[in-house]
Each structure stands twice: as structure tokens, then as C-alpha cells.
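Next come the chains, spelled out residue by residue.
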Amino acid sequence: MGPRFLAVSILAFAAAGPARAAAPAVRVRPVPGKAGSVVEHRQITLHGLPVRRAHETVVRTPTGVRVVSVVRPSHAPDLLPSEARISADAAVEAARAELGLAAPPTVERAPQLVYIDVLGHPVLAWEVATALRTRPEPSRKTLWIGAAGGVLVAEREEVFASKATVYPTNPAASPEPVTVELSDIAADGPGVPLISPRLRAMNCSLEPPDDPDLIEPWWDEGECYAVHRVFSDENGNFFVPLPDVRLEADNVDGDDLYAELSIYVHAERFFDALVDRGVETFPCEFSTMLANFRYTEPAVSYPELAFGPLNNAYYTNQCDPDKGVTMLFGQGSSIDFAFDGDVVYHELGHGVTSDLSPDGLWDSRYRRDGLLRDARGINEAVADYLSAMVAGDPYLADYVGRYWPSYTRPYIRSARNQKRCPDDTIGQEHNDGEPLMGAMWTTREQVGPAFDQVVLRMLPRLPGDADLESAAAALLEVMDEMIDEGVFDAADRAVLYRALDARGLIDCPRVLTDPVEVAGGHTMWLRRKTSGVEPFLPGPIQLRHEIPEGSDNFVLSFKLTPRGTSTGNPIEDPVSSKVLVKFADASIEFTYDLVSVVPDGDAKEIVLVGGDWDATYEPSVLDETQRQVVVRGLLPGQVVHVSLVNDETTADAIASSVRIVSLPADELDEGATPDGGPGDPGGTSGAAGEDAWDASDPSSSCACRSGDGDAPWAWILPVVACRHRRRRKGGR
Ligand SMILES: [Zn+2]
């Protein structure tokens, strides 16, 4: 069987391979600021099916055509379209299981058979486009289920949020009144809702509309009802009460009219600003924007509110008004996300990124140093850049930052930042995009607003799984072209290069090497394992540590939690981690191979992650969140590289306060005291340390504690000082 399939596949590939694909779909966009030139995104097809995550992008100028980005499979497919072994229904069932749902997900269209590029292999798969779900929080995933074995070969979260999840602190905010200018709104007479040729702005009510026909087809149980509540007056004007944002009540009013007007006004302002820069298209010809979104049931964390808040705003990439909203602005627990123009611009910025890039900048990159979330980070950086550009202000979401008690500073992010790769990258898109945003905005401040064109013209060159380094290279490439066009000069290029280089973006191995950083408590997001990956996905960053004189060990400690949510209803899925260690002064090199679901099978669907790590450790569980690994028997001067991975299928996990230290060998012989760490805001207090100790696994036989609480390393939680048996490594 196997050889026959192989022969057929290769012949078929040769006869109808991507190089000779017939009539592929082409998306044409003007090159911003360059009259007469267009970008053509050409879809690649194989045996009559589209190949997802593959494209060829060319720039066509009056004088010629040049390929600027191309991704196409490098192997023949294992299966022909006629050889799918599971049905569309089975694919939907597999999607249900993968999403952890009780009932099959609502799909936006019948599952479609496509090829999708995985590690250069065109894998025959069912494309299952699930409709937007707003619980546990907004998500709209497209899943590709392998047509041979039914595993998840790829997934794409179409929803982008406007911020990273944060943890509450207690800032002193200084309220200031805001003034809002309303312009560009016109209606002929009374009763006109906020609908333009480009978009409609809607409000959300906890009460259903009197006429059941007015309930949107995509409304779901437990959600507010999308309705128009702002209408023009007799003069065709839209005047609504302005909120006084100094009053808490005005910020948590889910029935205010201003939110609906705000998203409309700011969206129109954004579109106008982009048209001024030569961007006249958007993924949606007509966008649906929904303000005051909230849930009818109160949330666990906010019992004082009469509704369940949504502390975020989202771009969903949904253009069909009958299938769902394009953008969603939450009525939060302390603030209304629709009030902040920056948030509106940011969400629309995701739309521009989606429209101008060949494949959307959604996908993670399998790299030898880790699993990178960079493409989504670039997406966030561009959304932030465009927001700052339209607002003319580098501080993102001033209102949200100022009036939301969760923030310690009067904005969410600043485009004028000094964040660096890899010191500040954690595998979370908002964080990982900040160095790039900082580099782009700093350059703009020095070379002028013409730099906006560089950012916009970078996008068509980036594949869907671009990393930060390729974004930096593309920016420099466009800058070089615009020097030839006479827009910039060599000094401008030097400014850009310095801004990128100072933030580590020219070349950024994802290994933390600075001993202060490694001991300082890093955060990293560990992506869950799916059915299409074995045995786990690499972490986003490695830590390098050298054993100092007088020590024979290293102690890795971290907190492990499920990711937070924006709804006040915590995720309670179990999280679990493993620690990979390489005993060498060279980082772990991960490898990725596509293998078949069954041994000696003829259809490859599973990404097998391997690598040259020497040992895999199961961390000791010190309390509900605290984890620790102690490794002894090492020599001073010896170097280790460490990567954390998540081997649970249920949820992404966050490892925070990740730090590696070495203890004096003789003191570790006696054990360490449990003690909260000074200067460790994310750490556990001394008392909690005691609790932690009490709560630790009673069956653990290697736990011990005693010693001097004044030792310099006394912040470390009870050290489980045992020589861990090295496990067989998790690779092939
Ligand atoms: Zn975003």
C-alpha cells in the first residue's frame, strides 16, 4: 500500500504541483504611497485545493515584477484529495474534542478539504471554521483536522485582544476630565442609526428586543443583545450624554449611549487616516462593531456587578454581519473599553495587518531555539503603531490605563519603550511585540511620518509565521527601496538600524544569558500540547546558567498557573510542566519532524518535537502554584541550558518568577528555610511558604528543610534537595 501511494503522489505532484497551479486566487493591493505599484498575493493550489499557509507575493511596478515573499510546500502530498479517510462530520467531532466542548461547535460553513503546509509538507486536512464563542472568553478558531488520522494539524485563533491579561495592583490614578470632539457624522433626519457604508456601530442590551426578529442570528445564550440605541435627532445630529469618567458609575454603565457613538467616531477617524496614507482597503467591506458587550450572569470575581463584565476589546476577523461581529468592545468591571479611541484604532489596526500581509501573521514558528509567538507579536506591534499614529500619541489606551485600577501607569503600553529581545519576550504576543513597536515608533519620531509607509510596506513581505528578526529585515529592505526612491537617506537607515539593534531585533537567539535576568524572575507562556504534537511544544525561551565556585547545584523555581481571563471567571483547568536540561554551554536545539499517526503509516500529520536536551525533570510541587527542580552533582564552571514545556492538553500555562540560582554546596546539604523573598512581588510570603510546605505532597520522600534563614538565598522556598534521577529524554 505505502509504496503505491507514494508513487501516485509524486506523479500527481509533478503533473499538477504548485508550480503549475491553475488559476489561483489573487488579492491585489496598492503599494501604500507608491503610485502605479501593486502587491499581488497569489494563493497556491495543489490538485485543485488551496494550500493554506502557502502563498506567493509579488510587487508589480510599472517597470517589472518582483517576488517579495513566497512559502510553498517542499514535499509531495501523502494523500490525494480523493483519499481523505475521515468524513467532514468526523472532523467536526475531532474539533469538538480538541476544543474541550460538550457539544459540537457551531461552524460558519461546511468543513472544506484543503492542503495545509506543515513543515513543508502539504497535509490533506478538513478546515473547520468555528463561529465566534464568547465564553469562557472570545475565541474564533479555525482548525485543520488531518484527513488521515483526525489529529489537529494546525489551528488559528482569529481573535486578537487589545491587551495582555494583567494582575491587580493598587495605583493612585489621577482623574482628569476628557473632552470629545464629534465630527464627520451626518444624517438627513431623525431616527438614523450609526451605519455608514463601511461599518455599523451597535450597543448591547441585557434585555432582549421587543421584536424577536431583531435578535442577531449570532446571539448566544448568556450574552447581551446587539441593538442600535443611538439615533440621529431631527437635525440629523447625534448628541448623547457624555460620561464623566471621574465617576465610577459612568465607567461601569453598560447602558450608556456614548460607547456606541465612540466606536463609530473613532473607527471613521481611523479609516480616514489610513486612506490618507494610501490604504483604502480593509478585510471587511462592512464591519460590525459592538460596544458595551457583557454577559447576563455576574462573574465569580465581580459579584458586586449586576452583569458579567468583559475586560478587553477584540478583533475577530469576521466580516459577515450575519455570522458575527468584527470587533467587540467590552463593558469592563471598572471601565468601558469603547471609550478609548486608542483601543478602537488598535483593533482596526489588526484588520489592516490582516489585509496587507499575505497570510495574516497568526502562526507560531517552530524554531530550533523555541516555539515563537512572534508573528502575533508583530501583529500587535503594528496595531499599536497604527493606533499611536492615528492618535498622534505614543501612549496606548490612556483612558483604560488611567481609570482601570489594575494598571499602575496611565496607559497600557508605550510606543516609546526600551523593551528588548529576548529579555522582554515571554511567548505572549503583546509583550513580544513591544520591542518592535518601540523600534518603529522611535524611528518615526526621528525620521518623520514618512516612516508609516515603511511599516505598511513591510507587511506584504512577512509570512504567516514570521519572527521578529524577519520583520526587522523587511523594515530595512523597504527602507533601502525608499532610499532609492529618494524618500529617505543613509542617515535615516542608520536610525532604523540602531533602533532595531538596540532592542536585539537584528538577531535574537531566544536564550536568556544575563545572570541577573536568569536569577531575576522571568515570565513565560507555555503553549498546550495538542493531538497534532508529540510529546510537547518547546517553551518560548531558554535560560543559560553557570555553576559558580563553591556550588554543585542549580535550583530552578517558578510559579505555574493557568492563563488569566478577561471575564472575571477564572480558568481552572489543570496545568502541568516539565523541565528540559542540557548540560552544555550551547543552547538546546529543537528539531521538528512530521510523522504518521500510526507506526509505518503512509500519511504524516503529527509534528514530532525532538532535541538534544540531556534530561527531563518533573518539577516538585511545593504548593498550588510553586514548582521547583534542584539538580546536584555539578561542577563549578559547568553550564546548563533550561527550557520549560507544558505537557497538558487542556490549557496554556504561565510560568512566572522563573529563576535559576546555585546554592553553596554545604548549605544545600543542610537544606534551606522556607521564606518569602524580599523584592519578589510575584513571590510567596514567608507564611505562605509555610503553608506551601504543609501543603506539599506528603508522599514526597526527598523533602527536607532546616538551616539558616538569614542566608543570602533564603528567599527560596523549601528546597527539595535530592539528586533527581534523570529521566529518559523526551525526544525520539
Ligand atoms: Zn491586539
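Residues numbered from 1 in each chain as written. Predicted model: local features only at pLDDT ≥ 70, side-chain atom pairs only at ≥ 80, totals over all residues. Heavy atoms only, no water.

**With respect to the overall build of the protein**
- When helices and strands are tallied, the protein shows 14 helices and 31 strands.
- Residue pairs in contact within the protein that sit at least 24 positions apart in sequence constitute 73% of those at least 6 positions apart.
- Summed over its atoms, the accessible surface of the protein is roughly 28600 Å², and 51% of this surface lies on carbon and sulfur atoms. (Helix = DSSP H or I, 4+ residues; strand = E, 2+ residues; numbered from the N terminus. Contact = heavy atoms within 4.5 Å. Areas by Shrake-Rupley, 256 points an atom, 1.4 Å probe, with all protein chains shown as cover.)

**Re the pattern of salt bridges**
- Applying the stated criterion across every chain yields a total of 51 salt bridges.
- The closest approach of N and O atoms between R510 and D374, which form a salt bridge, is 2.8 Å. With R510 in the loop between helix 11 (490-502) and strand 19 (511-512) and D374 in helix 6 (residues 374-391), this pair connects stretches of sequence that are 136 residues apart.
- Its relative accessible area of 1% is what places R510 among the buried residues. (Salt bridge = Lys/Arg side-chain N within 4 Å of Asp/Glu carboxyl O. Buried < 20%, exposed > 50% of the residue type's maximum accessible area, 1.4 Å probe, protein only.)

**With respect to the packing of helix 8 (residues 429-447) against helix 9 (residues 451-458)**
- Their axes nearest at 9 Å, the elements helix 8 and helix 9 cross at an angle of 145°. For the pair helix 8 and helix 9, contact is made by M440, T443, R444 and V447 and by F451, D452, V455 and M458, respectively.
- Among the residues making up the contact of helix 8 with helix 9, the classes are represented as five nonpolar, one polar and two charged. (Axes fitted to C-alpha atoms, helices over the stretch in contact; angles between N-to-C directions. Nonpolar A, V, L, I, M, F, W, Y, C, P; charged D, E, K, R; others polar.)

**With respect to helix 5 (residues 341-356)**
- Its 16 residues give helix 5 an end-to-end C-alpha distance of 22 Å, which sits within 8% of 22 Å, the value for a rise of 1.5 Å per residue.
- Taking burial as the measure, the 16 residues of helix 5 include 16 buried ones, the bulk of the element.
- For helix 5, the side-chain oxygen to backbone nitrogen distance between the N-cap and D342 is 3.1 Å, and the N-cap itself is D340. (Expected span 1.5 Å × (residues − 1). Polar contact = N/O pair within 3.5 Å; in protein donor to acceptor, adjacent residues only side chain to side chain.)

**Things to note about the packing of aromatic side chains**
- Here the structure, examined in full by the defined rule, presents 12 aromatic pairs.
- Arranged with centres 5.4 Å apart and planes meeting at 90°, the rings of F293 and Y295 form a pair that is edge-to-face. Taken as a pair, F293 and Y295 share a single burial class, namely buried.
- A ring pair is formed by Y366 and Y592, whose centres lie 4.9 Å apart and whose planes are at 40°; its orientation type is tilted. Of the two residues, Y366 is situated in strand 15 (residues 365-367) and Y592 in strand 25 (residues 590-596); the sequence distance between them amounts to 226 residues.
- In this structure an aromatic cluster arises from ring pairing among F270, F271, F282, Y315 and Y345.
- Over the face of the ring belonging to F307 we find R294, whose NZ or CZ atom lies 5.6 Å from the ring centre. (Phe/Tyr/Trp six-rings, centres within 6.5 Å; stacked < 30°, edge-to-face > 60°. Lys NZ or Arg CZ within 6 Å of the ring centre and 35° of its normal.)

**Remarks on the sheet that holds strand 29 (residues 626-631)**
- With respect to topology, five strands assemble into an open sheet ordered 20-31-23-29-28, the strand pairing being antiparallel. The sheet is open, and its two edges are formed by strand 20 (522-526) and strand 28 (620-621), each paired on a single side.
- Bridge count between strand 23 (residues 554-562) and strand 29: six bridges; the pairing is antiparallel. What sits directly across from K559, in strand 29, is Q626. (Pairing = 2+ DSSP bridges.)

**What about the confidence of the model for the protein?**
- When pLDDT is averaged along the protein, the result is 83; 82% of the residues meet or exceed 70.
- Under a pLDDT of 50 for its full length, residues 1-23 has, in the predicted model, 33 contacts with residues more than four places off or in other chains.
- Here residues 673-732 is a poorly scored stretch, pLDDT under 50, and it has 120 contacts once near neighbours within four places are set aside; other chains count. (pLDDT = per-residue confidence, 0-100.)

**Quick word on the pairing of strand 6 (residues 121-129)**
- Where burial is concerned, most of strand 6 is hidden: nine out of the nine residues are buried.
- Burial along strand 6 is two-sided: H121, V123, A125, E127 and A129 facing one way and P122, L124, W126 and V128 facing the other are all buried.
- When strand 5 (residues 112-118) meets strand 6, the two strands line up antiparallel, connected through seven bridges. The partner of Y115 across the bridge, within strand 6, is L124.
- Hairpin connection between strand 5 and strand 6: a loop of two residues separates the two successive antiparallel strands, and L119 in this loop has a positive phi of roughly 55°.
- Judged from the five bridges that link them, strand 6 and strand 7 (residues 141-146) form a sheet pairing that is antiparallel.

**Describing the state of the cysteines**
- Counted according to the given criterion, the structure contains three disulfides.
- A disulfide bridge connects C204 with C224, and the sulfur atoms are separated by 2.1 Å. Looking down the S-S bond of the C204 and C224 bridge, the torsion is 90°, so its handedness is right-handed. Taken together, the residues C204 in strand 10 (residues 199-205) and C224 in the loop between strand 10 and strand 11 (225-227) connect sequence positions 20 residues apart. There is no split in this pair, since C204 and C224 are both buried.
- Between the sulfur atoms of C284 and its disulfide partner C319 the distance amounts to 2.1 Å. Here the S-S torsion is close to -75°, and the disulfide linking C284 with C319 is therefore left-handed. Highlighted residues: C284 in the loop between helix 4 (258-276) and strand 12 (287-293) and C319 in the loop between strand 13 (313-315) and strand 14 (327-330), separated in sequence by 35 residues.
- C284 sits in the buried class, given a relative accessible area of 4%. (Disulfide = S-S within 2.5 Å.)

**Observations regarding the nonpolar core**
- In terms of nonpolar packing, the biggest core is built from 81 residues, with I378, L436, M440, F451 and M458 touching the most fellow members.
- Residues in contact with M440, not counting those within four places in the same chain, are A381, V382, Y385, F451, V455, M458 and L475. (Core = buried A, V, L, I, M, F, W, Y, C linked by side-chain atoms within 4.5 Å.)

**A look at the side chain of E127**
- Within the fold, E127 resides in strand 6.
- Within the structure, the side chain of E127 is placed 2.6 Å from the side chain of R52, a separation counted as a polar contact.
- Of note is the side chain of E127, whose polar atom sits 3.1 Å from the side chain of R109.
- Setting aside its immediate chain neighbours within four residues, E127 contacts R52, R109, P111, Q112, V114, T142, L143 and W144.

**Describing the sheet that holds strand 24 (residues 578-582)**
- Strand order in the open sheet made by the five strands is 19-22-30-24-27, with mixed pairing throughout. Among the strands making up the open sheet, the edge pair consists of strand 19 and strand 27 (615-617).
- In this sheet, strand 22 (residues 542-546) lies alongside strand 19 in parallel orientation, the contact comprising two bridges. Its bridge partner lying in strand 22, L512 is registered against L543.

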